[in-house]
Amino acid sequence: MKLFSLLDRYQRLVFAITSMLLLIGLASWFTMARQEDPSFPYRNAVVTAVFPGATATQIEKLLTEPLEERLAEVDEVDRIRSVSRDSVVVLILELHDHIYDTDAAWDRVQTALDRAEEDFPTGVTELTFENKKMDIPAVILSVTGSDDLVFMATQAERLKRQLLRIPQVSRIELSGDPKEELRLEIDESALNELGINRAQIVQVIQNSNQVIPGGQIQLDGYNLRLVSGSDLSSPESLKSLPLTSSSGQLVPLGAVADIQVLPREPLGTLSYINGERAVMLGIITRRGQVDALKFGQALRAKIATLKDDFYPLQIKEVFFQPEYVDSRLTGLQWNLAGSVAIIALVVVLALGLRNGLLVAAVLPVVAIISLAIYSLGGGVLHQIAVIGMVISLGILIDNAIVVVESIEQNLAAGLNRADAVKGTFAQMAMPLFSSTGTTIAAFIPLLLSKGATGDFTRGIPVMIILALIVSYLISVLVLPLVAQHLVVERRKTRGPFITRLTDFLVTASRDYSKRTLLIVGALMLMAVSLVPGLKLQFFPLADRNQLVLDITLPSNSSVEESRDISTELEQQLLNSDDIMSVYRTVGASGFRVYYNMLIQNEAPNTARLVLTTSDADVNASVIDWIEHDLQSAYPQTMLVVKRLGQGPPTAAPVELRLQSDEPDALSLATDTVLRILHQTPGTDMIRSDLDTGMPEWRYRVDEATAHELGLTTLQVAQTLFSQSRGLSAGEYRYADDPIDIRVRSASGEDSSAALVAGLTLTNPSGVQVPLAALTEQNFAWSPAVIRHYQGIRTVTVLSELAPGAAYNEVLSALYEQLEVTPLPDSVTMQLGGDAEGSGEANTAILKIAPLGAMLLLVFMLIEFNSFRRLGIIMMTIPLAAVGIIPGLVISGSPFGFQSLLGVIALTGIVVNNAIVLLDAIDTRLHDGEPLRDAVDAAIRDRTAPVLLTTLTTVLGLLTLAFSASTLWPPMAWAIISGLLMSTLLTLLVIPVLCRRFLA
């Protein structure tokens, strides 16, 4: 009472502080940064090592295994995946979920890479480490309009430098730009005629391309720099380099070689937009307080001023995330407004116009003040934060309803308005503190959970906890001060429905307690019996009008073959009225247009097409057309078309990792699993990454013969490599960026088998020696790609799900069949996909769950100081957990992480109902009433407020339950179903237990 007197004395100060917070919140709504989704810590990285000419098996032994061994020593690294193929290995690293100081972890990874590099063989030309691959471009631009790819790439670089001046831009990456090289294509006949070998050309270039400073001298007291001109300053300077023929004649290099700056071969990543070759710019904004909408406006304004400078090239938007941000947040804001309107209408109808408006006013006040605090703490307005506000609406008004109901009851008891308000403050401050604390405690596991799922959903508990705290403070400290002037006694008596319901509850708990408990138990068993019909889904699919089509050719396919096949498919797609645009990348996955998209390793046998459809409703028909009609037209090509997903990215809902050091056993196990999945209902687009291998043309040098002819094994290798890929002769440093100088044949990798078979070598005497004269040749088959997971050879089997199927059903059927047809003993199988993601997310929450449970117990013991009462209240939690099952089954919603969020929210809500009911009983027991009468009175007084708070929560969530989004309806239906069932059962069970155990 002293606290209330103090508040009453300084109520102007209380109103002023509240008003200032409201103004801050309103300003925050219009000024705070807006984004589509929350950002994630940089827990993923890509390591690439290049050893030109090495086979996949050599790469595995010489690069992959040393790298994996060193990286395994870094404690922060959780997973290591590697793909070894000819000339290159790519490793994908993941840090443990609990790592948030990622910079320090990546520093230790870099140290491990430096140590591994010390053991690399001579010839490794590149070791790169990228730890910011997770960033998604806010905007993707295309530069098109020329057949000169080098020119387009140069202009794209120029555009990049202009756009980097926009303050919100962090960096800009290019995709599809042809990596250049200064190529010397040798005239084979002229070279053989002169008796010059390619190694000699490389040596001459290297000797003439060294940076040797000339130093400086003093001239009349001033410094004068001496420039030695020891390196090549232009491609033209190469042409005059002298070569010495076998006869001693000096021949200029330009006489035997065509020298040009050309796109590097073999071709790298190729990018296209609607069939037109393009260079793409992925514009990545700074992390933190960047408003996507304002950035989009600034970028479009900048491009509008630059377009004329780049004519005739065209600059087009391929992907513009600010539009998606605007659409997403606008839809959620309407959901928020709709929920506020529904809840306000309900409380006005239930409490009367004056009291109802007083309670309803708490909604915007709490929401705006919560937003102010969230913004002051550096929060960003994204869909997760808005969803947290929507969920909190029905919960945060509970305190206000209880306070106003209590004041009404005191007024009805004959107290004047001031005493009624003071009495309510004394009666309800502590119970509401405990009930608010228990609800907050329920969200603690979600708030503190680690990992990608926790990072993605953390905005929900943050907003809910903020709203609950503010709701308590407003309802207990501010609302009573306002109620002193505004609240009135309702003259309307309770309706006949509430009267009959309370009479029924009193009778059922007092006269039929055993029968009531049996009925409740039977209802719970009936709900549990529906579990077999419950489908599991980690996260649902996204609701965007975009699809991703991944094309995979056999392992030994070239990037040119992938380009040709994907071009044919692209043209067929563009001819469809349902496809608006196609963004195609060959040889890599290109830029991500959504946070859930997986990045594919660069591989010549792959292509990715991002399809923008006319509407999300046509996605299903487009998928069906591609999966059946187009797939059948390309039997040697795997087409996997998918909707975008929600939550942490996974390769597929069903992912099985088969591991063994025995290739034959691994192949047999893969065939077994594939056969079973093809026979299992609910599977779709089944595939594996089992390597198909590639042919080898092997040369074995006869050392004795080679020695007699004055030749070496090294010269044989150089001759073969210079014919195909080309020998590296250093760097040309005067391009925009340093580029390789490469000496090779004119035909390169297009050399025919006959041409390669007829190669000759020039010995020191100038004699042409046929390659066949000193080598034995044979054909063999060897791996084209070798994949590791955690250092072990691995084949991954993937399957999408047919409409209506669930991953748990597919896995159950798979395990049943594996009992009949087991895998080889040397093969182990691990689960990935939704099963792994769901397990990790649930484990992360369960690790923190004891802390939430402890806080829950602490708040309830503070309120009641009784283990008996604690036990009675805890009985409501299983009622809530079981109650979600009927709602999910009837609505057809799967049980996943969102449904788990619903269970967490329910825990706090139903415990609140039980606390309010039990506190009313204890108050009357304290006043000396018999237990029988105390329970009867508590039921009659508290049933209406409990039902009203339940109704406001349920109605507030209806906008989410019926929204077009795929992400939130499962959670909304879980809360609605669980709350309706648990509230009814709580009103039955708590009185029965109180009568039995408080006597």
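Structure shown above.
The structure presented is a predicted model; accordingly, all values stated were derived computationally and were not measured.

## Re the side chain of T144
Phase 1: Here T144 lies in strand β5 (residues 139–144).
Phase 2: A residue is classified by how much of its surface remains accessible, and T144, at 0% relative accessible area, is buried.

## Quick word on the sheet that holds strand β12 (residues 257–263)
Phase 1: With mixed pairing, four strands are arranged side by side in an open sheet as β12-β7-β24-β23. Of all strands in the sheet, those with a lone pairing partner are β12 and β23 (727–732), marking the two edges. The mean angle between the axes of side-by-side strands here comes to 25°, regardless of whether they run parallel or antiparallel.
Phase 2: The pairing of β23 with strand β24 (residues 739–745) spans four bridges and is antiparallel. For L727, the partnering residue across the bridge sits in β24 and is V743.
Phase 3: Contacting β23 and β24, helix α23 (residues 713–723) crosses the sheet at an angle of about 100° to β24.

## Thoughts on the packing of helix α10 (residues 321–351) against helix α30 (residues 931–961)
Phase 1: At a closest axis distance of 8 Å, the pairing of α10 and α30 adopts a crossing angle of 155°. Considering their axes alone, α10 and α30 lie roughly antiparallel with respect to each other. Considering the relative orientation of α10 and α30, their crossing is right-handed. Contacts between α10 and α30 pair N335, G338, S339, I342, I343, V346, V347, A350 and L351 from the former with L948, L951, T952, L955, G956, T959 and L960 from the latter.
Phase 2: In terms of residue class, the contact of α10 with α30 is made up of ten nonpolar, six polar and no charged.

## Looking at the pairing of strand β28 (residues 785–789)
Phase 1: Within β28, four of the five residues are buried, leaving the element largely enclosed by the surrounding structure.
Phase 2: Sheet topology note: the strand β2 (residues 77–85)/β28 ladder contains five bridges and is antiparallel. Bridge pairing in β28 places S82 opposite H788.
Phase 3: As defined by bridge partners, β28 adjoins strand β29 (residues 792–801) across two bridges and the pair is classed as antiparallel. In the sheet register, Y789 faces β29, and the bridge partner there is I792.
Phase 4: Hairpin geometry of β28 and β29 is characterised by an intervening segment of two residues between the two adjacent antiparallel strands and by a positive phi of about 55° at Q790.

Thresholds, definitions, all that
- Residues numbered from 1 in each chain as written.
- Predicted model: local features only at pLDDT ≥ 70, side-chain atom pairs only at ≥ 80, totals over all residues.
- Heavy atoms only, no water.
- Helix = DSSP H or I, 4+ residues; strand = E, 2+ residues; numbered from the N terminus.
- Buried < 20%, exposed > 50% of the residue type's maximum accessible area, 1.4 Å probe, protein only.
- Pairing = 2+ DSSP bridges.
- Axes fitted to C-alpha atoms, helices over the stretch in contact; angles between N-to-C directions.
- Contact = heavy atoms within 4.5 Å.
- Parallel < 35°, antiparallel > 145°, perpendicular 65-115°, else oblique.
- Left-handed = near helix turned anticlockwise from the far one by under 90°.
- Nonpolar A, V, L, I, M, F, W, Y, C, P; charged D, E, K, R; others polar.

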